[in-house]
Each structure stands twice: as C-alpha cells, then as structure tokens.
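One-letter residues, chain by chain:
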Amino acid sequence: MPSSRKAPVIVITGTPGTGKTTHAELLAQESPVPLKHINVGELVKEKGLHEEYDEEWQSYTVDEDKLLDELEPLASEGGIILDWHTCELFPERWADLVVVLRCDHTKLWDRLEKRGYPLKKIQENNQAEIMEVVLDEARSSYAQEIVVELQSEGTEDLESNVARIVQWIEAWQEDREQ
Ligand code: DAT
C-alpha cells in the first residue's frame with residue numbers, strides 16, 4: 001500500500017465518452033486536498049510519448065515505458081487524478097482509488113457521435129462498454145476494495161459521484177492523521 005503520500009492518487013477510468021474528463025475537472029475543483037488533473041491522452045500528445053499515429057483508429061500507439069517514466073514521480077508524490085480510458089498499465093502501488101465510470105450504451109453512442117468519431121471507433125467503444133472491458137480490467141489489476149463502479153449518465157450522477165469521491169478523500173485524510 002502507498003505510504004508517504006500527502007494526497008492520494010485517484011484513477012478515473014472508463015470507455016471514452018463515459019465522462020472521465022468532466023468528472024476529473026469537477027473533482028479537481030472540489031477536492032479538499034489539491035489534486036492535479038492529468039489527462040493522460042493529452043499528456044501523451046504533448047510530450048510525444050507515442051510511437052506512431054494510427055490513421056485508421058485515429059489514435060496514437062502509446063510508448064508505455066516512456067509514459068510510465070513520465071508519470072512515476074507524480075504518482076510517488078501523490079495528489080493527482082489520472083484520467084485515461086485504460087488503467088491496467090499503471091502499477092498497482094500507484095492507485096489509492098480506481099473509479100470506473102459507466103454509461104448506458106445508447107447514450108454513449110450519441111456522445112461519441114457528437115465527438116465526431118468514425119463509425120468503426122464508435123462501434124468498438126460501444127461494444128467495449130457493453131462487455132464491461134474497462135471494469136474487468138480494473139478489477140483484475142487492483143484490489144477489489146479500491147475499485148468503484150459509478151454510473152455517469154447525467155449531471156445528477158456527476159455531482160453525486162464527485163461528492164462521493166470527496167467524502168472518500170476526507171476519510172483517506174483522517175486515516176492518515178491517526
Ligand atoms: P471522457 O473523458 O470519458 O472521454 P468526457 O468527460 O469528455 O468523457 O464526456 C463526454 C461528453 O459527455 C461530454 O460532452 C460531457 C458529457 N458527459 C459525460 N458524463 C456526463 C454526466 N455524468 N452528465 C452530463 N454530461 C456528461
């Protein structure tokens with residue numbers, strides 16, 4: 001278990017479009033301890049932590065070693081939200097809480113269509129959401145008690161999910177102070 005961190009590492013994961021960035025931004029504002037939101041996909045692009053751009057899938061093939069090297073010092077320090085559509089790459093010791101966002105697949109389809117994703121990419125992500133790919137990945141990579149599955153379909157979900165994570169952070173802090 002992580003020991004010396006003054007603030008936790010919270011992983012927010014889920015199929016693209018489930019609301020990771022929306023949640024991470026609100027959580028960074030409302031958290032009782034400073035949390036830096038790291039949009040891992042953006043970081044990969046900014047720092048060139050990728051091998052090549054895949055035109056067909058319109059996505060980058062991530063250089064996993066480079067990405068882990070970049071994130072390691074931040075994770076050791078704590079006080080970050082890792083926002084990414086996959087989580088099994090992150091070492092188990094990094095995470096204090098892993099939130100898996102879920103969304104009804106018809107709603108997810110609309111969100112991804114609005115984002116202008118090609119049909120193939122929408123279908124692939126929709127199928128992944130139905131098959132609970134990210135949830136399975138989280139459950140097989142981390143201790144059961146730190147993995148939380150939350151619905152993300154509307155603003156009420158967003159607000160109650162963030163409030164719940166804030167409560168979790170407060171409890172995490174109290175534990176540390178004892
Ligand atoms: P992700 O970061 O998982 O790809 P996002 O945060 O960019 O997803 O959200 C995709 C779109 O869906 C965006 O327009 C905001 C909307 N959305 C996501 N979760 C929501 C929620 N719980 N309530 C309302 N809108 C939401």
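Preceding this paragraph is the structure being described.
Values in this document were obtained by computation on a predicted structure and should not be read as measured data. (Residues numbered from 1 in each chain as written. Predicted model: local features only at pLDDT ≥ 70, side-chain atom pairs only at ≥ 80, totals over all residues. Heavy atoms only, no water.)

**Some words on the nonpolar core**
Thought 1: Membership of the largest hydrophobic core comes to 27 residues, with the highest contact counts inside it found for V40, L67, L71, L82, F90, V98 and Y142.
Thought 2: Apart from the residues within four sequence positions on either side, L67 is in contact with V40, L43, V44, L49, V62, W84 and L89.
Thought 3: Counting 19 residues, the second-largest nonpolar core is a separate cluster that includes A7, L101, L150 and I169. (Core = buried A, V, L, I, M, F, W, Y, C linked by side-chain atoms within 4.5 Å. Buried < 20%, exposed > 50% of the residue type's maximum accessible area, 1.4 Å probe, protein only. Contact = heavy atoms within 4.5 Å.)

**Considerations on unusual backbone geometry**
Thought 1: In this structure, E132 takes a positive phi of about 60° despite not being glycine.
Thought 2: Here E132 shows up in the loop between α5 (119–130) and α6 (133–141).
Thought 3: Overall, the relative accessible area of 32% leaves E132 in the partly exposed class. (Helix = DSSP H or I, 4+ residues; strand = E, 2+ residues; numbered from the N terminus.)

**Comments concerning the sheet that holds strand β2 (residues 36–39)**
Thought 1: Spatially, β2-β5-β1-β6-β7 is the arrangement adopted by the five strands of the open sheet, whose pairing is parallel. Each having just a single partner strand, β2 and β7 (147–151) make up the two edges of the open sheet. The average undirected angle you get between the axes of adjacent strands in this sheet is 20°.
Thought 2: Relative to β7, strand β6 (residues 97–102) is paired through five bridges, and the arrangement is parallel. What sits directly across from L101, in β7, is L150.
Thought 3: Strand contacts of helix α7 (residues 155–177): β1 (9–13), β6 and β7, with the helix running at about 155° to β7, the strand carrying the most contacts. (Pairing = 2+ DSSP bridges. Axes fitted to C-alpha atoms, helices over the stretch in contact; angles between N-to-C directions.)

**A few points about the site of the ligand**
Thought 1: In the vicinity of the ligand lie 15 residues, with G17, K20, T21, T22 and R115 positioned nearest.
Thought 2: Between T21 and the ligand, the recorded distance is 2.9 Å, taken from a backbone N or O atom to an oxygen atom.
Thought 3: At 2.5 Å from an oxygen atom of the ligand is found a side-chain nitrogen or oxygen belonging to T22.
Thought 4: With three residues, the top contributor of residues to the shell around the ligand is helix α1 (residues 20–30).
Thought 5: The class makeup of the residues in the shell around the ligand is two nonpolar, nine polar and four charged. (Near = heavy atom within 4 Å. Polar contact = N/O pair within 3.5 Å; in protein donor to acceptor, adjacent residues only side chain to side chain. Nonpolar A, V, L, I, M, F, W, Y, C, P; charged D, E, K, R; others polar.)

So, to be careful, I would describe these as geometric facts and stop short of saying anything about function.
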